[in-house]
Amino acid sequence: EYEDTPVMTNNKVKNSLNSLEKKINNILEKSNEGEIIKNGIKTVIAGKPNVGKSSLLNRLLGEDRAIVTDVQGTTRDSIEASLVIDNIVLNLIDTAGIRDTSDTVESIGVSKSLSLIDQADLVLFVLNYNEEMTADERMILEKIRDKNHIIIVNKTDLEKKLDTSELDNPIYISIKDDKNIDEIKDRIKELFNLEKIETGDLTYLTSARSKAILRQVLDSVSDVREGIDNYPIDIVEIDLKKIWNLLGDIIGENYSEELLDELFSRFCVGK
């Protein structure tokens, strides 16, 4: 029944694994794009009070969505709005200013802000050019270090007091003078490669389970590649069967042990 099954050699398996790995990485990359198309980019505007977070939200939207005053702590709860960039929705969240406070209501807002940072796809961290960095701001800086983030230094129309030497590629803006606001949008496009996302292509893998399975496949591919020249074929066969079955789980097809045994019986040790 399986007479036409080709004989497999080490090199053939390696080439097939390389091809499979490349295709899976491409699918996973596309799946991230699919998430962006489906859900948008959850973007949190964070910083201490009175650095211009709400003003930035309003300027990005082109409308007065958030209340802006000179009183610190005006925003005590998050404010949400949406902005479209290159056909991708940016879900903007203006958060309460983060600082140490004894005010019960404000403290709840600060806790929520920190939680939203953890959940964000992107953090716009706003600093004041006219003030030295605080301990709370250093904490935020450390918190976002491994997340997608853009550091925005506002109020550049004022005297410089902020040490910017430790900041990673900040954008210097002045909301008052409408300076460099569009640069933020350009940086977001660059960070998420928005110009290359094909919103008309619906062939994206968005199932978390399927993506997790593909990552398991990549792990098994690495195991096979490492073991194919160093371990007995029956050990390598276990990982090859695992790859086959994992891929079958995604497409909803299971292959019989008889077929798998026949295929692997044709594996030749050697080049």
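Along each chain, numbering runs from 1 in the same order as the chain's sequence is written. Residue-level local features of this predicted model are given only where pLDDT is at least 70; pairs of side-chain atoms are given and counted only at 80 or more, and the full residue set underlies all totals for whole chains, interfaces and linings. Side-chain calculation: all heavy atoms of the structure are included, whereas hydrogens and water are not.

1. Quick word on the overall build of the chain
Part 1 of the argument: Scanning the chain from terminus to terminus reveals eight helices and six strands.
Part 2 of the argument: In sequence order, the secondary structure elements of the chain are arranged as α-β-α-β-β-α-β-α-β-β-α-α-α-α.
Part 3 of the argument: If you take every contact in the chain between residues at least 6 apart in sequence, the share linking residues at least 24 apart comes to 66%.
Part 4 of the argument: Where accessible areas are quoted, they stem from the Shrake-Rupley method and a 1.4 Å probe; at the residue level, only the protein chains shown are allowed to cover. On the chain, roughly 14900 Å² of surface is accessible, and the fraction owed to carbon and sulfur atoms is 46%. Per the convention used, a helix needs a DSSP run of H or I reaching at least four residues, while a strand needs a run of E reaching at least two, with both numbered from the N terminus. Contact criterion: two residues are considered in contact whenever any of their non-hydrogen atoms come within 4.5 Å of each other.

2. What to know about the sheet that holds strand β5 (residues 149–154)
Within a sheet, each strand pairs with its neighbour through backbone hydrogen bonds, oriented either parallel or antiparallel.
Part 1 of the argument: Here, any two strands with at least 2 DSSP bridges between them count as paired. One open sheet holds the six strands; their spatial order is β2-β3-β1-β4-β5-β6, and the pairing between them is mixed. Lying at the two open borders of the sheet, with one neighbouring strand each, are β2 (79–85) and β6 (171–172).
Part 2 of the argument: Pairing between β5 and β6: two bridges, direction parallel. Each bridged residue has a counterpart across the sheet, and for Val153 the counterpart in β6 is Tyr172.
Part 3 of the argument: Across the sheet, helix α3 (residues 104–119) is in contact with β1 (41–46), β3 (88–94) and β4 (122–128); its angle to β1 comes to roughly 140 degrees. Think of each axis as a best-fit line through the C-alpha atoms, taken over the contacting stretch in the case of a helix, with angles from 0 to 180 degrees between the N-to-C directions.

3. Examining the environment of Asn130
Part 1 of the argument: As for its placement among the helices and strands, Asn130 is situated in the loop between β4 and α4 (135–143).
Part 2 of the argument: Along the chain, Asn130 and Asp163 lie 33 residues apart, while their C-alpha atoms are 9.9 Å from each other.
Part 3 of the argument: What Asn130 contacts, discounting residues up to four positions off in sequence, is Leu158, Glu159 and Lys161.
Part 4 of the argument: Distance and chemistry together define a polar contact, namely a pair of N or O atoms within 3.5 Å, with one atom able to donate a hydrogen and the other to accept it when in protein, and with adjacent residues in sequence counting only for side-chain atoms on both sides. A distance of 2.8 Å separates a polar atom in the side chain of Asn130 from the backbone oxygen of Glu159.

4. Some details on the pattern of salt bridges
Part 1 of the argument: Salt bridge, as applied in this entry: a Lys or Arg side-chain nitrogen positioned within 4 Å of an Asp or Glu carboxyl oxygen. The tally for this structure, following the rule as stated, stands at nine salt bridges.
Part 2 of the argument: Of the charged contacts in the structure, one is a salt bridge between Arg225 and Glu21, with a shortest N-O distance of 2.9 Å. On the criterion of sequence distance, the pair formed by Arg225 in helix α6 (residues 208–227) and Glu21 in helix α1 (residues 10–39) is long-range, its members being 204 residues apart.
Part 3 of the argument: Each residue's exposure class comes from its accessible area (1.4 Å probe, protein chains only) as a fraction of the maximum for that residue type: buried when under 20%, exposed when over 50%, partly exposed otherwise. Take Glu21: its relative accessible area is 22%, and that puts it in the partly exposed class.
Part 4 of the argument: When the shortest N-O distance is used, the salt bridge between Glu142 and Arg145 registers 3.1 Å.
Part 5 of the argument: On the basis of relative accessible area, Arg145 is assigned to the partly exposed category, the value being 47%.

5. Remarks on the nonpolar core
Part 1 of the argument: Ranked by size, the top nonpolar core spans 28 residues in total, and within it Ile41, Leu56, Leu92, Leu124, Ile173, Ile184 and Ile188 carry the most contacts.
Part 2 of the argument: Contributing elements (two or more residues each) for this core: β1, α2 (53–61), β2, β3, β4, β5 and α5 (181–191).
Part 3 of the argument: Excluding residues that lie within four positions of it along the chain, Leu124 makes contacts with Thr43, Val44, Ile45, Ala46, Leu60, Ile150, Ile152 and Ile184.
Part 4 of the argument: The criterion is simple. A nonpolar core is a set of buried Ala, Val, Leu, Ile, Met, Phe, Trp, Tyr and Cys residues joined through side-chain atoms within 4.5 Å. One finds Val44, Leu116, Val123 and Leu167 within the second-largest nonpolar core, a separate group that totals 20 residues.

6. Remarks on the side chain of Ser220
Part 1 of the argument: With respect to the helices, strands and loops of the structure, Ser220 is situated in helix α6.
Part 2 of the argument: Once residues within four sequence positions are removed from consideration, Ser220 is found in contact with Asp239, Lys242, Ile243 and Leu246.

7. Overview of the pairing of β5
Remark: a regular strand shows side chains that alternate across the two faces of the sheet.
Part 1 of the argument: Counted residue by residue, β5 has six buried out of six residues, so it is predominantly covered.
Part 2 of the argument: Of the two faces of β5, both are covered, the one formed by His149, Ile151 and Val153 as well as the one formed by Ile150, Ile152 and Asn154.
Part 3 of the argument: Of the strand pairs in this sheet, β4 and β5 are connected by six bridges, and their pairing is parallel. Bridge assignment links Phe125 to a residue of β5, and that residue is Ile151.
Part 4 of the argument: When the strands point away from the viewer and the connection leading from the first strand across the helix to the second strand turns clockwise, the crossover is called right-handed. On the question of chirality, the crossover connecting β4 to the parallel β5 by way of α4 is right-handed.

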